[in-house]
Amino acid sequence: MKKILFATTALVASAGVVAADVSFSGYGRFGAISIDTPGPDVEGIYTRLRLQIDMTTEADNGLTFGARLRHQQTTVDGAGYNGAGFNGARFFARSGGLEIGVGNTFGAIEFMPGVYMATQSADIGLSGHGFDSLVTNTSQKGYFGWDAYSSGGAGRDGVEVMYSAGDFGGHLSYSNTGGVERTAMHGSYSFNDWTVALGYQDSSVATEDKVVLTVGGNIGPAAVTLAYADNDGIGKFALKGGVEVGAATRVDAFVSSEDGNAGGEAYGLGVSHNLGGGSSLEAGFTRNDITDTNAVDLGIRFNF
């Protein structure tokens with residue numbers, strides 16, 4: 001009902017447009033988490049609530065203009081309260097397969113096919129466990145050193161161009177915020193049940209330079225991805241995939257290997273059981289030999 005009222009208000013207030021819409025979506029996650037590290041351990045309750053608001057309007061000439069905004073709250077008992085509030089907005093203009101975005105942008109590396117688990121947006125388990133399956137994350141060159149849509153902050157305040165035509169996709173992003181300048185791009189091509197993607201990032205922070213290659217597709221009932229990245233001289237491989245086990249259960253797994261003098265392996269296993277109505281039981285375990293970290297979580301996720 002609220003969605004209908006907001007959309008109607010947008011229509012009344014925008015006399016020069018063909019159509020306007022405001023939609024709400026999001027998810028909730030809650031459960032227990034335990035992270036065992038050489039330093040202080042984290043044990044207790046984990047919760048996250050995300051509300052996403054997508055706003056679009058179509059002009060008389062057919063162009064679509066829009067914005068995305070999120071409100072997110074995260075708590076981790078034992079590691080403190082991670083805050084709650086609205087993030088920075090992303091604005092865009094779209095025509096056919098071409099989209100130009102500004103503000104809290106998605107980022108070309110972040111949006112590259114095969115970087116994340118193909119079957120699980122949260123990576124492994126309920127919380128993601130540090131996302132060690134990403135070949136763009138390394139203990140020696142850092143984690144998440146690329147532009148990405150920030151759900152809990154202002155974002156990088158950048159600009160990006162996204163284009164898709166048939167089986168081809170391309171993405172170029174740029175930002176210059178807080179003294180850090182990043183230029184990133186990727187191209188992807190899909191054929192049959194497979195997608196190949198190649199990405200590149202140049203950053204004013206030397207450790208953030210990257211070349212990324214992913215190949216993902218289906219082998220029988222399994223969705224699999226093989227990925228590799230050169231992270232400023234540190235190479236990392238990952239093999240990851242997911243398979244449906246029965247009508248309501250999916251199993252996800254990954255193994256990754258980081259080279260270099262301080263390199264090593266990480267692996268993880270996750271289980272998702274569909275409870276119906278957009279809800280699921282999520283559980284996962286990961287082990288990172290490099291950081292000597294074990295993580296396990298269990299809980300409920302529900303989408304709305």
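Bear in mind that the values here come from a model prediction, so they are computed numbers and not experimental data.

## Concerning the overall build of the protein
Item 1. A count of helices and strands for the protein gives one helix and 17 strands.
Item 2. Overall size of the protein, expressed as C-alpha extent along the three principal axes, is 60 × 45 × 40 Å.
Item 3. The burial tally for the protein puts 42% of its 304 residues in the buried class.
Item 4. Partitioning the intrachain contacts of the protein with sequence separation of at least 6 by distance along the chain shows that 48% fall at a separation of at least 24.
Item 5. When the accessible area of the protein is evaluated, it comes to approximately 14,500 Å², of which 62% is carbon and sulfur surface.
Item 6. Of note, the protein has its 18 positive side-chain charges centred 6 Å away from the centre of its 32 negative side-chain charges.

## Examining the pairing of strand β10 (residues 194-203)
Item 1. Inspection of the sheet shows strand β9 (residues 180-191) paired to β10 by 10 bridges, in the antiparallel sense. Note on β10: the bridge partner recorded for arginine 182 is serine 203.
Item 2. A loop of two residues connects β9 with β10, the two strands running antiparallel in sequence, and asparagine 192 in this loop sits at a positive phi of about 55 degrees.
Item 3. Counting the residues that bridge the hairpin from β10 to strand β11 (residues 210-219) gives six residues.

## Thoughts on the nonpolar core
General note: in soluble globular proteins, nonpolar side chains tend to be found buried as a group.
Item 1. Counting residues in each nonpolar core, the largest one holds 15 residues, and the members touching the most others are Ile109, Met112, Val115, Tyr116, Leu134, Val135 and Val212.
Item 2. Apart from residues no more than four positions distant in its own chain, isoleucine 109 is found in contact with Val115, Thr136, Trp146, Ala184, Met185, Gly199, Tyr200, Gln201 and Val212.
Item 3. With five residues, the next largest nonpolar core counts Ile33, Val42, Tyr46 and Leu126 among its residues.

## Brief notes about the side chain of histidine 186
Item 1. Inspection of the secondary structure assignment puts histidine 186 in strand β9.
Item 2. A polar contact of 2.8 Å, which involves the side chain of histidine 186, links it to the backbone oxygen of alanine 108.
Item 3. Residue contacts for histidine 186: discarding those within four places in its chain leaves Ala108, Phe111, Met112, Pro113, Gly169, Gly170, His171, Leu198 and Gly199.

## Quick word on empty space enclosed by the protein
Item 1. Evaluated as defined, the whole model comprises one cavity of 30 Å³ or more.
Item 2. The computed volume of the largest cavity comes to approximately 60 Å³.
Item 3. If you go around the largest cavity, the residues you meet are Asp132, Asn137, Ser139, Tyr143, Lys236, Ser256, Ser257, Glu258, Gly264, Ala266, Asn288 and Ile290.
Item 4. Of all the secondary-structure elements, those providing two or more residues to the lining of the largest cavity are β14 (249-258) and β15 (264-276).
Item 5. In terms of residue count, β14 provides more of the lining of the largest cavity than any other element does, three residues in total.
Item 6. Classifying every residue of the lining of the largest cavity by side-chain character gives three nonpolar, six polar and three charged.

## Structural notes on the pattern of salt bridges
Item 1. Considering all chains together, one arrives at 11 salt bridges under this definition.
Item 2. Note that glutamate 99 is salt-bridged to arginine 94, the shortest N-O span being 2.9 Å.
Item 3. We classify glutamate 99 as buried; its relative accessible area is 11%.
Item 4. Since its relative accessible area comes to 31%, arginine 94 is described here as partly exposed.
Item 5. The residue aspartate 147 makes a salt bridge to arginine 182 at a minimum N-O spacing of 2.8 Å. Pair noted here: aspartate 147 is in the loop between β6 (98-103) and β7 (158-165) and arginine 182 is in strand β9, with a separation of 35 residues, a long-range link.
Item 6. The exposure class of aspartate 147 is buried, given its relative accessible area of 4%.
Item 7. Salt bridges sharing common partners tie together Arg90, Arg94, Glu99 and Glu160.

## A closer look at the environment of glutamate 258
Item 1. Within the fold, glutamate 258 resides in strand β14.
Item 2. Each residue touching glutamate 258, except ones within four places of it in the same chain, is listed here: Thr138, Ser139, Gln140, Ile234, Gly235, Lys236, Gly263, Gly264 and Ile290.
Item 3. At 2.7 Å, the side chain of glutamate 258 forms a polar contact with the side chain of glutamine 140.

## Thoughts on the confidence of the model for the protein
Item 1. Residues with a pLDDT of 70 or more make up 90% of the protein, whose mean pLDDT is 90.
Item 2. For residues 1-18, every residue scores under 50 in pLDDT, and the model assigns this stretch 20 contacts once sequence neighbours within four places are set aside.

## Focus: the layout of surface pockets
Item 1. Taken as a whole, the largest pocket encloses approximately 1,400 Å³ of empty space.
Item 2. Along the walls of the largest pocket sit 48 residues, with Arg50, Glu110, Tyr116, Phe131 and Phe144 positioned nearest its centre.
Item 3. Counting only elements with at least two residues in the lining of the largest pocket, the list comes to β1 (17-36), β2 (42-59), β3 (64-76), β16 (279-288) and β17 (293-303).
Item 4. Of the residues contributing to the lining of the largest pocket, the split by class is 21 nonpolar, 17 polar and 10 charged.
Item 5. Lining the second largest pocket are 14 residues, and of these Met162, Tyr163, Ser164, Gly169 and Gly170 lie nearest its centre.
Item 6. Breaking the lining of the second largest pocket down by element, the ones donating at least two residues are β6, β7, β8 (168-177) and β9.
Item 7. Residue classes in the lining of the second largest pocket are distributed as four nonpolar, eight polar and two charged.

Rules and cut-offs
Residues numbered from 1 in each chain as written. Predicted model: local features only at pLDDT ≥ 70, side-chain atom pairs only at ≥ 80, totals over all residues. Heavy atoms only, no water. Helix = DSSP H or I, 4+ residues; strand = E, 2+ residues; numbered from the N terminus. Buried < 20%, exposed > 50% of the residue type's maximum accessible area, 1.4 Å probe, protein only. Contact = heavy atoms within 4.5 Å. Areas by Shrake-Rupley, 256 points an atom, 1.4 Å probe, with all protein chains shown as cover. Lys, Arg positive; Asp, Glu negative; His and termini not counted. Charge placed at Lys NZ, Arg CZ, Asp CG, Glu CD. Pairing = 2+ DSSP bridges. Core = buried A, V, L, I, M, F, W, Y, C linked by side-chain atoms within 4.5 Å. Polar contact = N/O pair within 3.5 Å; in protein donor to acceptor, adjacent residues only side chain to side chain. 1 Å grid on protein atoms, 1.4 Å probe; cavity = no way out; pocket = protein on both sides within 12 Å on 5 of 7 lines; lining within 4 Å. Points joined across faces, edges and corners; volume = space filled by probe spheres on them. Nonpolar A, V, L, I, M, F, W, Y, C, P; charged D, E, K, R; others polar. Salt bridge = Lys/Arg side-chain N within 4 Å of Asp/Glu carboxyl O. pLDDT = per-residue confidence, 0-100.

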